[in-house]
Amino acid sequence: MTEACKITSDPAIQKLIQLAGENGVELSWDRLAAQQPQCGFGQLGLCCRICHQGPCRVDPFGEGAQLGVCGADADTIIARNFARMAAAGAASHSDHGRDMALTLLAAAEGHAPDYQIRDVRKLMAVAGYLDVPTKDREIKDITKDVALKALAQFGQQTGELVYVKRAPKKRQELWRKAGVMPRGIDREVVDIMHRTHMGNDQWYESLILAAVRAGLADGWGGSMLSTDITDILFGSPVPLSARANMGALSEDMVNIVVHGHEPTLSEMILVAVQDPEMVEYAKSKGAKGINLGGLCCTSNETLMRQGVAAIGNFLSQELAIATGAVELMVVDIQCIMQALGPLTQRYHTKLVTTSPKAHIEGVMHVEVNEEHALEIAKQVVKMGIDNFPNRKKTHIPKDIDHMVVGFSHEYINYALGGMYRGSFRPLNDAVASGRLRGAAGVVGCNNTNSCQDESHLYTVRELIKNDVLVVMTGCGALACAKYGLLTPDAAKYAGPGLREICETVGIPPVLHLGSCVDNTRILTVLSQMASEGGLGNDISDLPGAGFAPEWMSEKAISIGCYFAGSGVYTIMGGRSPIAGSKHVTEFLSTTLEERLGGKLEFLPDAQEGVDRAIKHIDKKRAALGLPEYDAKRFGQSGDAVMMKVLAKRDDEVLNVYSAK
Ligand code: BF8
Ligand code: SF4
């Protein structure tokens, strides 16, 4: 076993890795070690398994074969692999969106009695985007039409996705000109599966453009619909405070952990655990009550709307079980390690799969069904309670932090501009004046190949120190939550201008915008900033950048494609999956920037990523004719001196977890 401190920054996970090692429990890091050496061809993206004449490998050093059996070269093989990752990512996000639309339809038609329309204002806004008439109509009829129109976006064959009109006009024109305007969501995914079949598209340029188009179908289609419909059903997030990390598990209550991405069942579980009958039942089994916690993006969903504690991100999932304190883990879709099955056999934890799309052999399956959602949720919760008497010795690390989450784009608008004059004008003005140097999105996963949370923390701390406002989603947001960066108090780590804004508005310098599908909230913020005026008229004019420092999933590639395709300089950390092709690497960077104003780069060094992003932000500021950023111009008001002293003290503490 590798030393814990080299594989995670999280002190709770360090302790639990140690404990697991003592108990001979195998974790993802052990399995990574067993995989060494990993295939060099695969690492560079140079392995093709598209047809059964292969696998074919192309030698990057020019000594072995330079072509696959069919004649495919390195560029084609790499671009095909990349496009297939983007397609799988777009499919996963979007299929999640489709399921949300189906739940909305079931609710409208009376087949999902436990679900209500919690945000009518959002329903009306979405009806507006989808051209659904609202005047003198009943909510249920509007809801049904919204659901049907949303579902039609998946199967649309020709034309343009409806939501592309939410992008700046100039951007839409660029998409049309570059041939990346998304048509139907499913169509773009199928298009890639077809064009990457043996003997089809064999030009890296058109393959990469298809990947960008599928990404855009995800970002401005499937994921954006998912965010909107989830808000309609469960409420648009507004800021609330919550707890983060393993310390939020309870020593004396039944611990139930929800994990995955879809909030459909977990929202019902939340209702079930608050049911007085359930609480009484838990007490009858010797527990003080029921404690709900979340992992990964199901956590982000329940966290930002209901304040359910986030006990960890992707690489924390196995260790939650190793605490011995989890009675029940309920998983839905995506990012669920198969290892959880055998792992729960070694502890008292019961594992339950709930999605028809995510079974694990040997694991109990209780399928979610909208018709009886709450009843099923209660059944599941009861299983957890019944398991409480089986609990043995627990090892819950005391590590816990606090956060303020739930900054929907609607709330940002309101916080900055007020309920009746909500606008992005104050944000644009702050950038224009130089109080804010720019803004950045930092999103994405943990990856066993890199130290858990380290690159997220480094990137975010450096950005806010440089007066760059950071918005976050997914496991990245949960990473920063564990180290207190999602609190207004974290303003002490920010540069003077950003700190001043945080103090005035009462927001953290790092804003939690939700789960991975909610990256679309970032697209909406960017689009509104571009339309507000004063910072150009397209997303690519804005002084900003995007990061996925510890990405691992195919969804992250789709996200990278839609951010770059939307005009954002996007930096992905870790190893490059396109490193084996100079042409593909250059195309995603230089050529894409020429055509679409955004670019995608893979940079293993977090420091280099931040340096390049800041240079890019300054270049954009200069192009807009804005004053050169000067850290000394702002932040002299109020308690600036005291904040400096505090920041220095806390810097010393936080440096323990920092990459550099
Ligand atoms: O969708 S950040 S590890 S949990 S893929 Fe998965 Fe990555 Fe986490 Fe959320 Ni997003
Ligand atoms: Fe080999 Fe070509 Fe088949 Fe790929 S598609 S496995 S390169 S023969």
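Figured I'd write up the structure that's included with this text.

Procedures and definitions
Residues numbered from 1 in each chain as written. Chains lettered and ligands numbered in written order. Predicted model: local features only at pLDDT ≥ 70, side-chain atom pairs only at ≥ 80, totals over all residues. Heavy atoms only, no water. Helix = DSSP H or I, 4+ residues; strand = E, 2+ residues; numbered from the N terminus. Rg over C-alpha atoms; globule rule 2.2 N^0.38 Å. Buried < 20%, exposed > 50% of the residue type's maximum accessible area, 1.4 Å probe, protein only. Contact = heavy atoms within 4.5 Å. Areas by Shrake-Rupley, 256 points an atom, 1.4 Å probe, with all protein chains shown as cover. Lys, Arg positive; Asp, Glu negative; His and termini not counted. Charge placed at Lys NZ, Arg CZ, Asp CG, Glu CD. Donors = N, O, S within 2.8 Å, 3.2 Å for Na, K, Ca; no water. Tetrahedral: all angles 85-135°; square planar, octahedral: opposite > 155°, others 65-115°. Phe/Tyr/Trp six-rings, centres within 6.5 Å; stacked < 30°, edge-to-face > 60°. Lys NZ or Arg CZ within 6 Å of the ring centre and 35° of its normal. Axes fitted to C-alpha atoms, helices over the stretch in contact; angles between N-to-C directions. Parallel < 35°, antiparallel > 145°, perpendicular 65-115°, else oblique. Left-handed = near helix turned anticlockwise from the far one by under 90°. Right-handed = clockwise from strand over helix to strand, strands pointing away. Pairing = 2+ DSSP bridges. Core = buried A, V, L, I, M, F, W, Y, C linked by side-chain atoms within 4.5 Å. Near = heavy atom within 4 Å. Nonpolar A, V, L, I, M, F, W, Y, C, P; charged D, E, K, R; others polar. Expected span 1.5 Å × (residues − 1). Polar contact = N/O pair within 3.5 Å; in protein donor to acceptor, adjacent residues only side chain to side chain.

## Focus on the overall build of the protein
Then, in step 1: Scanning the protein from terminus to terminus reveals 26 helices and 16 strands.
Then, in step 2: In summary, the protein has a C-alpha radius of gyration of 24 Å against a globular reference of 26 Å for 660 residues, a match within 12%.
Then, in step 3: With respect to the principal axes defined by its C-alpha atoms, the protein has extents near 70 × 65 × 60 Å.
Then, in step 4: Taking all 660 residues of the protein together, the buried fraction comes to 62%.
Then, in step 5: Sequence separation of 24 or more characterises 76% of the internal contacts of the protein that already satisfy a separation of 6 or more.
Then, in step 6: Counting every atom, the protein has about 24600 Å² of accessible surface; 53% of that belongs to carbon and sulfur.
Then, in step 7: With 67 positive and 77 negative side-chain charges, the protein shows a spacing of 2 Å between the two charge centroids.

## Brief notes about the coordination of the nickel atom of ligand 1
Then, in step 1: Counting protein donors around the nickel atom of ligand 1 gives one, Cys516 (SG), at 2.1 Å.
Then, in step 2: Taken together, the four donor atoms coordinating the nickel atom of ligand 1 and their angles of 92 to 161° define a geometry best described as irregular.
Then, in step 3: Structurally, cysteine 516 can be placed in the loop between β13 (510–514) and α22 (519–532).

## Looking at the packing of aromatic side chains
Then, in step 1: For the coordinates displayed, the defined rule picks out eight aromatic pairs.
Then, in step 2: Both rings, one in phenylalanine 407 and one in tyrosine 411, keep their centres 5.9 Å apart while their planes meet at 70°; by these two values the pair is edge-to-face.
Then, in step 3: We classify phenylalanine 407 as buried; its relative accessible area is 3%.
Then, in step 4: For tyrosine 411, a relative accessible area of 21% corresponds to the partly exposed category.
Then, in step 5: On the numbers, 5.3 Å between centres and 70° between planes, the contact of tyrosine 411 with tyrosine 414 is edge-to-face. Here tyrosine 411 pairs with tyrosine 414, and both are found in helix α17 (residues 409–417), just three residues apart, close to one helical turn.
Then, in step 6: Overall, the relative accessible area of 36% leaves tyrosine 414 in the partly exposed class.
Then, in step 7: Here the aromatic residues Phe407, Tyr411 and Tyr414 are joined through ring pairs into a cluster of three or more.
Then, in step 8: The ring centre of tyrosine 569 lies 4.4 Å from the NZ or CZ of lysine 599, which sits over that ring.

## Digging into the side chain of serine 527
Then, in step 1: Along the chain, the position of serine 527 falls in helix α22.
Then, in step 2: Judged by its relative accessible area of 4%, serine 527 falls in the buried class.
Then, in step 3: Residue contacts for serine 527: discarding those within four places in its chain leaves Arg166, Ala167, Pro168, Trp220 and Ile539.

## A few points about the packing of helix α6 (residues 120–129) against helix α10 (residues 204–234)
Then, in step 1: At a minimum axis separation of 9 Å, α6 and α10 run at an interaxial angle of 150°. Between α6 and α10, the angle falls in the class roughly antiparallel. As for how α6 packs across α10, the hand of that crossing is left-handed. On α10, the residues touching Lys122, Leu123, Val126 and Tyr129 of α6 are Asp228, Asp231 and Ile232.

## Considering the pairing of strand β15 (residues 569–572)
Then, in step 1: Where burial is concerned, the two faces of β15 agree: the one with Tyr569 and Ile571 and the one with Thr570 and Met572 are both buried.
Then, in step 2: Between the parallel pair strand β14 (residues 544–548) and β15, the chain is carried across by helix α23 (residues 554–565), and the sense of this crossover is right-handed.
Then, in step 3: In this sheet, strand β16 (residues 599–602) lies alongside β15 in parallel orientation, the contact comprising four bridges. Following the sheet pairing, isoleucine 571 is matched in β16 by glutamate 601.

## Quick look at the nonpolar core
Then, in step 1: Among the nonpolar cores identified, the biggest contains 173 residues, and Phe82 and Ile269 are the most heavily contacted of them.
Then, in step 2: Per-element tally for this core: the top contributor is α10, with 17 residues.
Then, in step 3: Setting aside chain neighbours within four positions, we find phenylalanine 82 in contact with Ile208, Ala211, Ile557, Cys561, Ile578, Leu588, Leu600 and Phe602.
Then, in step 4: Ranked by size, the runner-up nonpolar core spans 39 residues in total, among them Cys296, Ile311, Leu340 and Leu343.

## Some details on the environment of alanine 106
Then, in step 1: Residue placement: alanine 106 occurs in helix α5 (residues 74–108).
Then, in step 2: Between the C-alpha atoms of alanine 106 and lysine 144, which are 38 residues apart in sequence, the distance is 8.4 Å.
Then, in step 3: Setting aside chain neighbours within four positions, we find alanine 106 in contact with His111, Ala112 and Glu370.

## Digging into the site of ligand 2
Then, in step 1: Around ligand 2, the neighbouring residues are Cys48, Ile50, Cys51, Gln53, Gly54, Cys56, Gly68, Val69, Cys70, Ala72, Arg80 and Met198.
Then, in step 2: Here the residues of the shell around ligand 2 sort into eight nonpolar, three polar and one charged.

## So, α22
Then, in step 1: The terminal C-alpha atoms of α22, which comprises 14 residues, lie 20 Å apart, in line with the 20 Å expected from a rise of 1.5 Å per residue.
Then, in step 2: Counting buried residues along α22, 11 of its 14 residues qualify, which places the element largely inside the surrounding structure.
Then, in step 3: Turning to α22, its buried residues number three or more, namely Asn519, Thr520, Arg521, Ile522, Leu523, Thr524, Val525, Leu526, Ser527, Met529 and Ala530.
Then, in step 4: Glycine 533, located one to two residues past α22, shows a positive phi value of around 100°.

## Focus: unusual backbone geometry
Then, in step 1: In this structure, the amide linkage connecting glutamine 36 to the following residue, proline 37, adopts the cis form with an omega of -5°.
Then, in step 2: Locating proline 37 in the fold gives a position in the loop between α3 (28–34) and α4 (40–44).
Then, in step 3: Proline 55 follows glycine 54 through a cis peptide bond whose omega is 5°.
Then, in step 4: Of note, proline 55 is situated in the loop between β1 (47–48) and β2 (56–57).
Then, in step 5: At aspartate 131, a position not held by glycine, the phi torsion is positive, near 60°.
Then, in step 6: Residue classification places aspartate 131 among the exposed positions, given a relative accessible area of 53%.
Then, in step 7: Here cysteine 296, not a glycine, exhibits a phi torsion of approximately 55°, which is positive.

## Comments concerning helix α12 (residues 276–284)
Then, in step 1: If you check the start of α12, you find a side-chain oxygen 2.8 Å away from the backbone N of glutamate 277, and it comes from aspartate 275.
Then, in step 2: With its phi angle positive at about 95°, glycine 286 sits one or two positions after the end of α12.

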